[in-house]
Amino acid sequence: MTTALELLNKIAEVSSAVGWQSNTGAVETAGQIISCLYANPDQIERFITEGTGLFFDGTFAFENGSLTWHATDGRVISPSEYRAAKGLQQ
C-alpha cells in the first residue's frame, strides 16, 4: 500500500521529468496526474511502479481525468464534455 508521501514524491518526480523532457511546466503535469489518479484511483499502484508509462499508453489522457483544462482556443473544457464531443463513454 502506497503512503500519501510516497505518492506525492512520485508525482513530483514524474512531473519534473516529464516537464523537463516536454518543455512544459511540472505544475501542469502534476495537475494532469492528479486529475487522472483522482478519477481512476485503481491506477495509483501502477503509477508508483510505472511512472511516465501511463502517459505513453494513454491512461493519463485529458479525457480520463476529473479536472478541467484550457483548450488551445482558450476555452475551459471538462473531461465529460470532451468525452461527449468525441463520442466516448462517460
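An account of the accompanying structure is given in this report. (Residues numbered from 1 in each chain as written. Predicted model: local features only at pLDDT ≥ 70, side-chain atom pairs only at ≥ 80, totals over all residues. Heavy atoms only, no water.)

## Here's the deal with the overall build of the chain
- Along the backbone of the chain there are five helices and two strands.
- Going from N to C terminus, the chain has its helices and strands arranged as α-α-α-α-β-β-α.
- Over its C-alpha atoms the chain spans a radius of gyration of 13 Å, differing by no more than 12% from the 12 Å that the globule rule assigns to 90 residues.
- In terms of overall dimensions, the chain has a C-alpha envelope of 35 × 30 × 20 Å along the principal axes.
- Counting only residues that meet the buried cut, the chain has 31% of its 90 residues in that class.
- Partitioning the intrachain contacts of the chain with sequence separation of at least 6 by distance along the chain shows that 40% fall at a separation of at least 24.
- Between the averaged position of the 5 positive side-chain charges in the chain and that of its 10 negative side-chain charges there is a distance of 7 Å. (Helix = DSSP H or I, 4+ residues; strand = E, 2+ residues; numbered from the N terminus. Rg over C-alpha atoms; globule rule 2.2 N^0.38 Å. Buried < 20%, exposed > 50% of the residue type's maximum accessible area, 1.4 Å probe, protein only. Contact = heavy atoms within 4.5 Å. Lys, Arg positive; Asp, Glu negative; His and termini not counted. Charge placed at Lys NZ, Arg CZ, Asp CG, Glu CD.)

## Describing the pattern of salt bridges
- If you walk through the whole model with that rule in mind, you get four salt bridges.
- Aspartate 73 is paired through a salt bridge with arginine 75; the nearest N and O atoms lie 2.8 Å apart.
- Counted as one network, the salt bridges with shared partners bring together Arg46, Glu50 and Asp57. (Salt bridge = Lys/Arg side-chain N within 4 Å of Asp/Glu carboxyl O.)

## Section: the environment of glutamine 32
- Locating glutamine 32 in the fold gives a position in helix 2 (residues 26–39).
- Residues glutamine 32 and leucine 67, spaced 35 residues apart in sequence, show a C-alpha to C-alpha distance of 7.9 Å.
- Discounting chain neighbours no more than four positions away, the residues touching glutamine 32 are Phe55, Phe60, Ala61 and Phe62.
- A distance of 2.7 Å separates a polar atom in the side chain of glutamine 32 from the backbone oxygen of phenylalanine 60. (Polar contact = N/O pair within 3.5 Å; in protein donor to acceptor, adjacent residues only side chain to side chain.)

## What to know about the packing of aromatic side chains
- Under the definition given, this model contains four aromatic pairs.
- Where phenylalanine 55 meets phenylalanine 60, the ring centres are 5.1 Å apart and the plane angle is 80°; that geometry is what we call edge-to-face.
- We classify phenylalanine 55 as partly exposed; its relative accessible area is 26%.
- A relative accessible area of 4% places phenylalanine 60 in the buried class.
- Here phenylalanine 62 and tryptophan 69 contribute two aromatic rings whose centre-to-centre distance is 4.8 Å and whose plane-to-plane angle is 20°, an arrangement assigned as stacked.
- Classification of phenylalanine 62 as partly exposed rests on a relative accessible area of 43%.
- Looking at tryptophan 69, the relative accessible area reads 14%, which means it is buried. (Phe/Tyr/Trp six-rings, centres within 6.5 Å; stacked < 30°, edge-to-face > 60°.)

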